[in-house]
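Examining the three-dimensional arrangement
This is what each chain is made of:
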Amino acid sequence: MDIANLKQTAKAMVAHGKGILAADESSRTIQKRFDIIGLTSNPQTNLNYRKMLFTTPGVEEFLSGVILYDETIRQEIDGVAVPKYLANKGIIPGIKVDKGAVDLPNFPGEKITEGLDGLGGRLKEYASMGAKFAKWRAVITIGEGIPNTCIESNAESLARYAALCQEANLVPIVEPEVLMDADNTLEVCREVTSQTLRVVFDRLKAHKVILEGVILKPNMIISGKKCFKQAGSKEIAKATVETFLEVVPKEVPGVVFLSGGQTPEEATINLYEINLIPNSPWQLSYSYGRALQGEALEVWAGKEENMAMAQKTFSQRAKKVSLARQGKSS
Ligand code: 13P
C-alpha cells in the first residue's frame, strides 16, 4: 500500500472547483435512463452516449474524475482505452466495483450490497487498467420500522471494500446512500444519515482504513420526495453541514455528494448553499450522475447530429455545479 499516493489521489479527486462525474450506471440502470429517450442500451449505444460526455471540449476544467462501469473501462474512444483517454485529458479514471443491492433476508424493505467475493483480484485488474479510485454504493431505505439491520451490514461491507481498495492502491469512494424516495421529513433523513455515517466510520476505523485516503459520497440531508413539507436549500445546507461536523472525521479530505433524484437545478443550488457555510474541514464537492447528465441526455436523444448541442448542455451544467462547489452563483 502506497499511503502517500492514496492521499495525493484523494486530494486530486476533490481539487478546487472540480468534482466527479458518475457515469457508472450498470446495464440495467443505463437502460432505465435511455428509456426516457426511447433508446435501447447495448455496448455500442452505451459507448456512443458516454463518448458524447467524455469528449466534451473543456469539461476537464470541471471534472477531477469519472466513475466508469466495467463495460466502459474495457472500451475505446478513437482507438484509445477509455481510462487512458480520460487520463490524457487530466481526468482521473475510477471504477464502480459493487455488484448492486439485493434484498436483505429477514428484513423486508432493506437492501445489502453484494460484490465482496473475489474483489481483491478484480481491484488488481482495474488498477492495471489505469483506475485510480473505486466506488461502492450501499442503499439505506427509510420506511415503517426501517432502516434496521442494513446499516450495520452495509457498513461492514463498505469497510471491507475500503480496506481492499487501499491495499490495491485505489482510493475508495464510500457511498452509503440514504434514499430520498419516501415521505419522511428532513429531520428523519438527518437522524438516519447521522446514524449511518456514525456506524460507517466506526467500521472503517475498526478495519484500519486510512481516512486521509478515503472520499465520502453521501446524500444531502433533505426531505423525502413524497413529504408534504419540502425543506428549502438553506435548511438543507445547514442540516447537512451541522450533521457532518458531528459525525464525519476531519481527516477525510473530501465529501462528494450524490444527486439522488434531485433535479439538476436543486442539486446545484443545494451545493451552493452548502459551500456558503464557512469553515468546513473537508472539501464539499459533487459526484453527480443524473444531475450532471440528465439535461444532456435529453438533448442528445441518441442522435449523432445532436452531439454538439448535448455537449454544450453538459458543459453548461458542469460549469454551474463547479461554481456552486466554490460558493459562487451562476
Ligand atoms: P446520482 O447523482 O444520479 O444519484 O448518481 C450518483 C451515483 O453514483 C449513485 O451511485
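It should be noted that the structure appears before, not after, this text.
Residues numbered from 1 in each chain as written. Predicted model: local features only at pLDDT ≥ 70, side-chain atom pairs only at ≥ 80, totals over all residues. Heavy atoms only, no water.

1. Things to note about the nonpolar core
Ranked by internal contacts, the top residues of the largest apolar core, which has 106 residues, are Phe54, Tyr161 and Tyr288. Beyond its immediate sequence surroundings of up to four residues, tyrosine 161 is in contact with Val97, Leu116, Leu119, Ala134, Lys135, Trp136, Pro172, Ile173 and Val174. (Core = buried A, V, L, I, M, F, W, Y, C linked by side-chain atoms within 4.5 Å. Buried < 20%, exposed > 50% of the residue type's maximum accessible area, 1.4 Å probe, protein only. Contact = heavy atoms within 4.5 Å.)

2. A look at the site of the ligand
The immediate surroundings of the ligand are formed by 13 residues, with Lys135, Lys217, Ser259, Gly260 and Arg290 found nearest. For the ligand, an oxygen atom lies 2.5 Å from a polar atom in the side chain of serine 259. Here the ligand, which alone exposes 300 Å², has 92% of that area covered by the protein. More than half of the atoms of the ligand fall within 2 Å of the grid points belonging to the largest pocket. (Near = heavy atom within 4 Å. Polar contact = N/O pair within 3.5 Å; in protein donor to acceptor, adjacent residues only side chain to side chain. Areas by Shrake-Rupley, 256 points an atom, 1.4 Å probe, with all protein chains shown as cover. 1 Å grid on protein atoms, 1.4 Å probe; cavity = no way out; pocket = protein on both sides within 12 Å on 5 of 7 lines; lining within 4 Å. Sits in = over half its atoms within 2 Å of the grid points.)

3. Thoughts on the sheet that holds strand S2 (residues 63-68)
Taking strand neighbours around the barrel as the criterion, the eight strands line up as S1-S2-S5-S8-S9-S10-S11-S12 in a closed arrangement whose pairing is parallel. Pairing analysis gives four bridges linking S2 to strand S5 (residues 92-96), with the strands arranged parallel. If you follow isoleucine 67 over to S5, its bridge partner there is glycine 94. Strands in contact with helix H8 (residues 186-206) are strand S8 (133-140), strand S9 (171-178) and strand S10 (215-216); relative to S9, the strand with the most contacts, it is inclined by about 150°. Packing against the sheet, helix H10 (residues 264-276) makes contact with strand S11 (254-257) and strand S12 (283-288), and its axis sits at approximately 170° to S12. (Pairing = 2+ DSSP bridges. Helix = DSSP H or I, 4+ residues; strand = E, 2+ residues; numbered from the N terminus. Axes fitted to C-alpha atoms, helices over the stretch in contact; angles between N-to-C directions.)

4. Description of helix H9 (residues 233-247)
If you check H9, its first and last C-alpha atoms are 21 Å apart, about what 15 residues at 1.5 Å a residue would give, namely 21 Å. Residues Ser233, Ile236, Ala237, Ala239, Thr240, Val241, Thr243, Phe244 and Val247 constitute the buried set of H9. Among the structural elements, H8, S11, H10 and S12 are those in contact with the buried residues of H9. (Expected span 1.5 Å × (residues − 1).)

5. What about the packing of H10 against helix H12 (residues 307-325)?
At their nearest, the axes of H10 and H12 sit 7 Å apart, and the two run at 20° to each other. Viewed along their axes, H10 and H12 adopt a mutual orientation that is roughly parallel. In contact with Pro264, Glu265, Thr268, Leu271, Tyr272 and Asn275 of H10, H12 contributes Arg317, Lys320, Val321, Ala324 and Arg325. Of the residues assigned to the contact of H10 with H12, the class counts are five nonpolar, two polar and four charged. (Parallel < 35°, antiparallel > 145°, perpendicular 65-115°, else oblique. Nonpolar A, V, L, I, M, F, W, Y, C, P; charged D, E, K, R; others polar.)

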